[in-house]
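An overview of the molecular structure
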Amino acid sequence: MTNMNLYSRGDKLFVIVNMVLIALFTISTLYPFIYIASLSLSTGFEARAGNVVLTPVGFTIEAYKQVLSEPLFWSSYANTFIYTIGGTLMSLAFIIPGAYALSRPQLYGRRFWNLMVAFTMWFNAGLIPFFLNMRDLGLLDSYFGIIIGFAVNGFNIILLRNFFEGIPQSFEEAARMDGANEFQVLWKVFVPLAKPAIATVALFCIVSRWNGFFWAMVLLQDESKIPLQVYLRKVIVELSDDEEFANTLLTSAYSFETVSAAIIVCSIIPILLIYPFLQKYFSKGILLGGVKE
Amino acid sequence: MSNDPNFITAAGPATEELVFDATEAQRRRKPSRMVRVGDHLKREWQLYLMLIPTIVWLLVFLYKPMYGLQIAFKDYSIFRGIADSPWIGLEHFQTLFNNDQFLRALRNTVIISFYGLIFGFPMPIILALMFNEILKQTFKKTAQTIVYLPHFISSVIIAGIVITAFSPSAGIVNTMLGWFGIEPIYFLTKPEWFRPIFVGTGIWQEAGFQSIVYLAAIAGVSPTLYESAVVDGASRWQMMWKITIPSIMPTIIIMLIIRIGNMLEVSFEMIILLYQPATYETADVVNTFIYRQGIQGGQYDLAAAAGLFNAVVAFVLVMTANTISKRYSRTSLW
């Protein structure tokens, strides 16, 4: 905006109060993460006593040793990577060509196909029919079921389609002059031009896959196939009222609280690592998605 | 075969009829609809090849379950399958509306959504307006980066943080209450605390990220409006009320319509993680009811009926909101 000197005293007060409020909101967003990180590095005794407020008390990495020594933690971590990478690639394999086709004016029944995609954003059959359908398809308790069952998302298709529609016709015409077929036009011209939009969609997929928990919990019974989030829930939610667990750990170097804090930290790290890339793209992506329709 | 033009020519008129004259040629240059579609498919088959997987996926994973919705009106038996189970009409709906648990879930859904609307909806707007007033770019960027973050953290982790922070022995909330001499409260087992904690968590997690949409809308406001306001001696406060807010009103209304449309879709994943039998009284919503009755309890038909009811009410809500908005503000989703 313009120069600060232009503002009256009232404006300056307004600006300062505003900054303070934003700072408070920001701190309250950040604090729980700091608290959890500190908790994970404190001794079980201090954590139980409620002595951890900001920094670790009685610094120890016992909780992490405990978490990392659990085989189920590692297998669920590996599964999460399988679901995230496999699922994202699967999504892109459906979304990119689909969005391209839907963006081409020469496609017959284009309005109908687009409506068919958009309708799923407003109405879906709900939990039970979806679950029964997955069961009937034999996709319960299967890696493939999780990877393919959630591959397509109407919002992502429309976002990418809008971006493709915005690419000037002349690019396509030039490629056609050179004898490119539809696949070559998509792969050699549109995909490189749509990199920001594709990156956005890919990152949306990565985040939702990494965080996905409900359907993994419902569809997977076999413990060796569960992703990290389901394992996390098992530990945090199911053991939180397990008195036996709570009592045995009362005096040890780690406690239920520090162990669950350590798992939380371990599972946030990958998201934090890709967050800078996310940050760069998502606001652009949201804008892209909001331009039309 | 029918998309092969040679095939069509072969089936055309016999050679002796092919006396060339201008009108005849004119007539032939306008091929039948079938031929046109055939030619089109031959030329553009690659496009359809690209579209088919997506459409098939939608049919298999999203439209086929819509066919399965009919079990809401059937006495569904796993062994007979969807098609062969006998119709029973509206019996499941009658059962639901005589079921205290369902009615409680319905009431809770409405109340929690309403709280979310009252407290949750304005927050991102306020945040966006506040961010817009910050002049120091580095401060603004840093603050935004931090408040967007919780959106990317899974509900399981958020629930884990909430459970840890509100725990009676070690939780920071009770520690802080202890400073004021307040006895520890076992928050997550107290029905009266569930809604504030749930709604508050939702705001903490999403308000920052949702402000992006409004910031984008604010970025689109013409700078000349502000320039002329400065000339007229407007204060920042006045500019916010007289220029920024009216300018982003269409966006606010669209977001409100979407919000109302999703009103019954309270994020039940989080509820499943945070509630327990002690708090069902205030925490159980329609979707968690469906999850317990259907997926855990195996009463698929009854749960599907509850789901259908939910979806229809949601659909009516969004249509109504859109119509009202169209009438009074000329802003609508479609």
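What follows covers the overall build of chain A. If you tally the helices and strands in chain A, you get 15 helices and 0 strands. Here chain A, with 293 residues, has 53% of them falling under the buried criterion. Within chain A, contacts between residues at least 6 apart in sequence are counted, and of these 72% link residues at least 24 apart. Within the structure as shown, chain A displays about 13,400 Å² of accessible surface, and the carbon and sulfur contribution to it stands at 67%.

Here we take up the overall build of chain B. Within chain B, the regular secondary structure consists of 17 helices and 0 strands. Every one of the 334 residues in chain B was classed for burial, and the buried ones make up 49%. Contacts spanning at least 24 positions in sequence make up 64% of the contacts within chain B whose residues lie at least 6 apart. Within the structure as shown, chain B displays about 16,800 Å² of accessible surface, and the carbon and sulfur contribution to it stands at 64%.

All right, on to the interface of chain A and chain B then. Contacts between the two partners involve 94 residues from chain A, matched on the other side by 89 residues from chain B. Note on chain A versus chain B: buried area summed over both sides is about 8,900 Å², and carbon and sulfur give 79% of it. Linking chain A with chain B are 19 residue pairs in polar contact (both at pLDDT 80 or more). When the residues that make up the side of chain A that touches chain B are grouped by side-chain class, the tally is 68 nonpolar, 18 polar and 8 charged.

Turning our eyes to something else, we now look at helix α13 (residues 236-261) of chain B. Of all the bends in α13 of chain B, the greatest reaches close to 50° and is centred on Met 249 of chain B; the proline Pro 250 of chain B follows between one and four positions later. Listed as buried for α13 of chain B are Arg 236, Met 239, Met 240, Ile 243, Thr 244, Ile 245, Ile 248, Ile 252, Ile 253, Ile 257, Ile 260 and Gly 261 of chain B. Those residues of α13 of chain B that are buried lie in contact with α1 (9-40) of chain A together with α7 (122-133), α11 (191-219), α12 (223-231) and α17 (300-329) of chain B.

So, on to the packing of aromatic side chains. For the coordinates displayed, the defined rule picks out 39 aromatic pairs over all chains. What links up through ring pairs into an aromatic cluster is the set Phe 73, Trp 74, Tyr 77, Phe 81, Trp 210 and Tyr 231 of chain A. When the ring centre of Trp 87 of chain B is taken as reference, the NZ or CZ atom of Lys 74 of chain B above it lies at 4.5 Å. Of note, Arg 292 of chain B hangs over the ring of Tyr 280 of chain B, and the distance from its end group to the ring centre comes to 4.3 Å.

This next bit is on a nonpolar patch on the surface. Residue and element names in this part refer to chain A. Where nonpolar side chains cluster on the molecular surface, the patch consists of Leu 13, Ile 16, Val 17, Val 20, Leu 21 and Leu 24 and spans about 560 Å² of accessible area. Note on placement: Leu 13 falls in helix α1. Leu 13 gets classed as exposed once you look at its relative accessible area, which sits at 56%.

A word on unusual backbone geometry. Residues and elements named next belong to chain A. For Asp 141, which is not a glycine, the phi torsion comes out positive at approximately 55°. Secondary-structure assignment places Asp 141 in the loop between α6 (127-136) and α7 (143-149). Overall, Asp 141 belongs to the partly exposed group, its relative accessible area being 24%.

Quick look at the pattern of salt bridges now. A full pass over the atoms with the stated rule returns 13 salt bridges over all chains. Its salt-bridge partner being Arg 104 of chain B, residue Asp 284 of chain B comes within 3.5 Å of it at the nearest N-O pair. Here Asp 284 of chain B is found in the loop between α15 (280-283) and α16 (286-296), whereas its partner Arg 104 of chain B is found in helix α6 (residues 100-120), with 180 residues between them in sequence. Residues joined in a network through salt bridges with shared partners are Arg 104, Glu 172, Arg 176 and Glu 182 of chain A.

Moving on, we get to the nonpolar core. Counting 190 residues, the largest nonpolar core has Ile 128, Phe 164, Phe 214 and Val 218 of chain A together with Trp 57 of chain B as the members making the most contacts within it. Sort the elements by how many residues they give to this core and α11 of chain B lands first, with 13 residues. Residues contacting Val 218 of chain A, with those up to four places away along its chain left out, are Phe 131 of chain A together with Tyr 291 and Ile 295 of chain B. In this structure, Ile 257, Ile 260, Val 318 and Ala 321 of chain B belong to the second largest nonpolar core, which totals 5 residues.

All names here are of chain B. Taken N-terminus to C-terminus, the directions of α7 and α11 make an angle of 55°; their axes are 7 Å apart at the nearest point. With respect to each other, α7 and α11 are oriented oblique. You can see that α7 and α11 cross each other, and the crossing is right-handed. Between α7 and α11, the residues in contact are Met 123, Pro 124, Ile 125, Leu 127, Ala 128, Leu 129, Phe 131 and Asn 132 and Ile 203, Ala 207, Gly 208, Gln 210, Ser 211, Tyr 214, Leu 215 and Ile 218, respectively. Class assignment of the residues belonging to the contact of α7 with α11 gives a composition of 12 nonpolar, 4 polar and no charged.

Next up on the list: helix α10 (residues 182-193) of chain A. With 12 residues, α10 of chain A extends 15 Å between its outermost C-alpha atoms, agreeing within 8% with the 16 Å of an ideal straight helix rising 1.5 Å per residue. Listed as buried for α10 of chain A are Glu 182, Val 185, Leu 186, Val 189, Phe 190 and Val 191 of chain A. On the buried face of α10 of chain A, the contacting elements are α4 (71-103), α8 (154-165), α9 (169-177) and α11 (195-211) of chain A together with α3 (33-68) of chain B. Two to three positions downstream of the cap, the backbone nitrogen of Phe 183 of chain A sits 3.0 Å from a side-chain oxygen, assigning the N-cap of α10 of chain A to Asn 181 of chain A.

If you trace the backbone, Pro 250 of chain B turns up in helix α13. For Pro 250 of chain B, a relative accessible area of 37% gives the class partly exposed.

Further remarks concern the confidence of the model for chain B. Residue and element names in this part refer to chain B. The share of residues in chain B with pLDDT of 70 or more is 90%, and the mean pLDDT across the chain is 85. Across chain B, the secondary-structure element scoring lowest on mean pLDDT is helix α1 (residues 5-10), at 44, and the one scoring highest is α7, at 94. Note on residues 1-13: pLDDT under 50 across the span, and 12 contacts to partners over four residues away in sequence or across chains. Here the prediction assigns the complex a pTM of 0.84, and the interface score ipTM is 0.87.

Residue and element names in this part refer to chain B. Structurally, Ala 229 can be placed in helix α12. Through-space distance from the C-alpha of Ala 229 to that of Gln 144 is 27 Å; in sequence the pair is 85 residues apart. Discounting residues that sit within four places of it in the chain, Ala 229 has contacts with Ala 234, Met 239 and Ile 243.

Attention shifts here to the side chain of Asn 156 of chain A. Structurally, Asn 156 of chain A can be placed in helix α8. Those residues in contact with Asn 156 of chain A, other than ones at most four positions away along the chain, are Ile 95, Val 201, Phe 204 and Cys 205 of chain A.

Tracing the sequence through the fold places Gly 44 of chain A in helix α2 (residues 44-48). Each C-alpha atom, one on Gly 44 of chain A and one on Glu 223 of chain A, is 28 Å from the other, the two residues being 179 residues apart in sequence.

Turning our attention to the packing of helix α5 (residues 110-122) of chain A against α8 of chain A. Residue and element names in this part refer to chain A. At their nearest, the axes of α5 and α8 sit 8 Å apart, and the two run at 140° to each other. By the criterion of interaxial angle, the relationship of α5 to α8 is oblique. From α5, Arg 110, Asn 114, Val 117, Ala 118, Thr 120 and Met 121 reach across to α8, where they touch Gly 154, Phe 155, Ile 157, Ile 158, Arg 161 and Glu 165. Counted by class, the contact of α5 with α8 contains 6 nonpolar, 3 polar and 3 charged residues.

Conventions and cut-offs
- Residues numbered from 1 in each chain as written.
- Chains lettered and ligands numbered in written order.
- Predicted model: local features only at pLDDT ≥ 70, side-chain atom pairs only at ≥ 80, totals over all residues.
- Heavy atoms only, no water.
- Helix = DSSP H or I, 4+ residues; strand = E, 2+ residues; numbered from the N terminus.
- Buried < 20%, exposed > 50% of the residue type's maximum accessible area, 1.4 Å probe, protein only.
- Contact = heavy atoms within 4.5 Å.
- Areas by Shrake-Rupley, 256 points an atom, 1.4 Å probe, with all protein chains shown as cover.
- Buried area = accessible area lost by both parts, 1.4 Å probe.
- Polar contact = N/O pair within 3.5 Å; in protein donor to acceptor, adjacent residues only side chain to side chain.
- Nonpolar A, V, L, I, M, F, W, Y, C, P; charged D, E, K, R; others polar.
- Bend = angle between axes of the 7 residues up to and from the residue.
- Phe/Tyr/Trp six-rings, centres within 6.5 Å; stacked < 30°, edge-to-face > 60°.
- Lys NZ or Arg CZ within 6 Å of the ring centre and 35° of its normal.
- Patch = residues over 30% accessible without salt bridge, like charges linked within 9 Å, V, L, I, M, F, W, Y side chains within 5 Å.
- Salt bridge = Lys/Arg side-chain N within 4 Å of Asp/Glu carboxyl O.
- Core = buried A, V, L, I, M, F, W, Y, C linked by side-chain atoms within 4.5 Å.
- Axes fitted to C-alpha atoms, helices over the stretch in contact; angles between N-to-C directions.
- Parallel < 35°, antiparallel > 145°, perpendicular 65-115°, else oblique.
- Left-handed = near helix turned anticlockwise from the far one by under 90°.
- Expected span 1.5 Å × (residues − 1).
- pLDDT = per-residue confidence, 0-100.

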